[in-house]
Amino acid sequence: MSKNFLADRMSVLEESTTLALNAKAKALAAGGRTIYNLTVGELACETPEYIQTFVAGKLNENKYTPPAGLPELREKIAGHCRQFYNLNWITSDNVIVTGSAKPALWAIFTALLDEDDEIIIPVPAWVSHIELVKIVGAKVITTKLDSNNDLDIADIRRKITDKTKSILLNSPHNPTGGIFSSDKLTQLAKLVNSKKIVIISDDIYSKLVYVNNFVPVPKHNFKYIVIIGGFSKSQAITGWRIGYLIAPVQIAKAVNTLLSHVTGNASLLGQYAGIIAMDHGDKQAGYRHLKSNRELVCRTLSEIENISFVKPAGAFYVFFDVSKMNKNSVEWCEQLLDKTGIALVPGEAFRAPGFARMSFVGNSTILETSLNLIAEFSINYGNA
Ligand code: PLP
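Residues numbered from 1 in each chain as written. Predicted model: local features only at pLDDT ≥ 70, side-chain atom pairs only at ≥ 80, totals over all residues. Heavy atoms only, no water.

Asks: Quick rundown of unusual backbone geometry? Include the residues and the values.
Replies: For the bond from serine 171 to proline 172, the omega torsion is -5°, close enough to zero to count as cis. As for its position among the elements, proline 172 is in the loop between strand S5 (164-170) and helix H7 (182-192). Despite not being glycine, arginine 351 has its phi angle at roughly 60°, a positive value. With respect to the helices and strands, the residue arginine 351 is situated in the loop between strand S12 (345-346) and strand S13 (355-359). Taking relative accessible area as the criterion, arginine 351 reaches 46% and is therefore assigned partly exposed. (Helix = DSSP H or I, 4+ residues; strand = E, 2+ residues; numbered from the N terminus. Buried < 20%, exposed > 50% of the residue type's maximum accessible area, 1.4 Å probe, protein only.)

Asks: I'd like a description of the packing of aromatic side chains, backed by residues and values.
Replies: Scanning the entire structure with this criterion turns up 13 aromatic pairs. Here tyrosine 205 and tyrosine 317 contribute two aromatic rings whose centre-to-centre distance is 5.8 Å and whose plane-to-plane angle is 85°, an arrangement assigned as edge-to-face. Remark: tyrosine 317 occurs in strand S10 (residues 317-321) and tyrosine 205 occurs in the loop between strand S6 (198-202) and strand S7 (225-230); sequence separation between them is 112 residues. Note on accessibility: tyrosine 205 and tyrosine 317 belong to one class, buried. Centroid distance tyrosine 210 to tyrosine 287: 5.9 Å. Interplanar angle 15°. Geometry classified as stacked. Of this pair, tyrosine 210 sits in the loop between S6 and S7 while tyrosine 287 sits in helix H11 (residues 287-302), and the two are 77 residues apart along the sequence. Using a relative accessible area of 9% as the deciding quantity, one classes tyrosine 210 as buried. Since its relative accessible area comes to 27%, tyrosine 287 is described here as partly exposed. Through a chain of ring-to-ring contacts, the aromatic side chains of Phe320, Trp332, Phe377 and Tyr381 assemble into a single cluster. Over the ring of tyrosine 272 we find lysine 58; its NZ or CZ atom is 4.6 Å from the centre of that ring. We note lysine 207 situated over the ring of phenylalanine 84; from NZ or CZ to the ring centre the distance is 4.0 Å. (Phe/Tyr/Trp six-rings, centres within 6.5 Å; stacked < 30°, edge-to-face > 60°. Lys NZ or Arg CZ within 6 Å of the ring centre and 35° of its normal.)

Asks: Quick rundown of the sheet that holds S7? Include the residues and the values.
Replies: Pairing in this open sheet of seven strands is mixed, and the strands run S2-S8-S7-S6-S5-S3-S4 from one edge to the other. Whereas interior strands pair on both sides, the edge strands pair on one side only; in this sheet they are strand S2 (95-98) and strand S4 (139-144). If you compare each strand with its neighbour and ignore which way they point, the axes differ by 20° on average. Bridge count for strand S3 (residues 118-123) against S4 is six bridges, and the pairing is parallel. (Pairing = 2+ DSSP bridges. Axes fitted to C-alpha atoms, helices over the stretch in contact; angles between N-to-C directions.)

Asks: Tell me about the side chain of asparagine 94, and please be specific about residues and values.
Replies: Tracing the chain through its elements places asparagine 94 in the loop between helix H3 (71-85) and S2. In this structure asparagine 94 comes out as buried when scored by relative accessible area, which is 3%. A polar atom in the side chain of asparagine 94 sits 3.0 Å from the backbone oxygen of alanine 247. Residues in contact with asparagine 94, not counting those within four places in the same chain, are Trp89, Leu245, Ile246, Ala247, Pro248, Val249 and Ala252. (Polar contact = N/O pair within 3.5 Å; in protein donor to acceptor, adjacent residues only side chain to side chain. Contact = heavy atoms within 4.5 Å.)

Function-wise, these values are silent; they only describe arrangement.
Structure below.
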């Protein structure tokens, strides 16, 4: 078939490298090879029992819900976020329940960004943040995080133009695990509040923090703010696809109209999972295990001479610098996969060549074995 049937917009999209590497690791495993798959960002533990039991009791329900979600869930999300972010303006009218954070991001980009509008995104950046903006046809302007994985305000100031419509923030951050400091966020609020710039805060990891000095982005008095949240990462229900968006009413209404034509409503059973999760304070599933895994990973990696990293303050990734061995981290990761069976995500996927992302959600014995193999591989790198 010679004719290209695809719309032009498809030509700008790149496949998620995270998923592509995951697929390669799975294919090798299916061929009988022992693979240590440390690529994917989802909890290894089971869905909390209270969610399983509650949702199991709802299996007889099968009808559409209002597009913005069950009123009870919107009310609970609003109440929780009003308190968590100390934002009194949040009511259920500001909440749109979505089929996870990804469609919420797509919807907000679609609702806010015209072609030619600019959105500033810090890099390294999670793959889909950039690709979703490209689907909409708006322009991604990148700003580099500093050496502590914090915002570089001077650079953001330089990057703001008349076309800047939005700045996307994600703290805790994928892939670095960094959190943005209150000092920088306060400076940023001063910088953008006199302009018509909407801060989009992807708060999907906001329940997954290991330090005491974390202050969520939305607590910094931004004049125009949209919050993206969800249950995938906090409740171990990635496959159930449930999340939400909080926005000023005008924007929330636009997103509601948009999604009413696209998804209709988020999965009913996912919404029930959200209700019971909120009743339990939306606490983090498997937190203790993640905390000890983080210590294990950081202790071992810090002993490897050719590797450096900033200890993650949140999320469940460590993003380490392998550029002393190879500035091309796709190559480095492929060599690692071939030699040891360990799958990591190369920094190129996040616009940060020379780095690799390891997810530490898994079993600690497997992590320990993997870390020993990475140490051995790194010590011998280039000697073969
Ligand atoms: N936002 C960030 C920063 C993520 O890392 C991910 C998943 O990896 C998502 C959003 C997607 O979350 P969901 O599973 O709710 O679509």
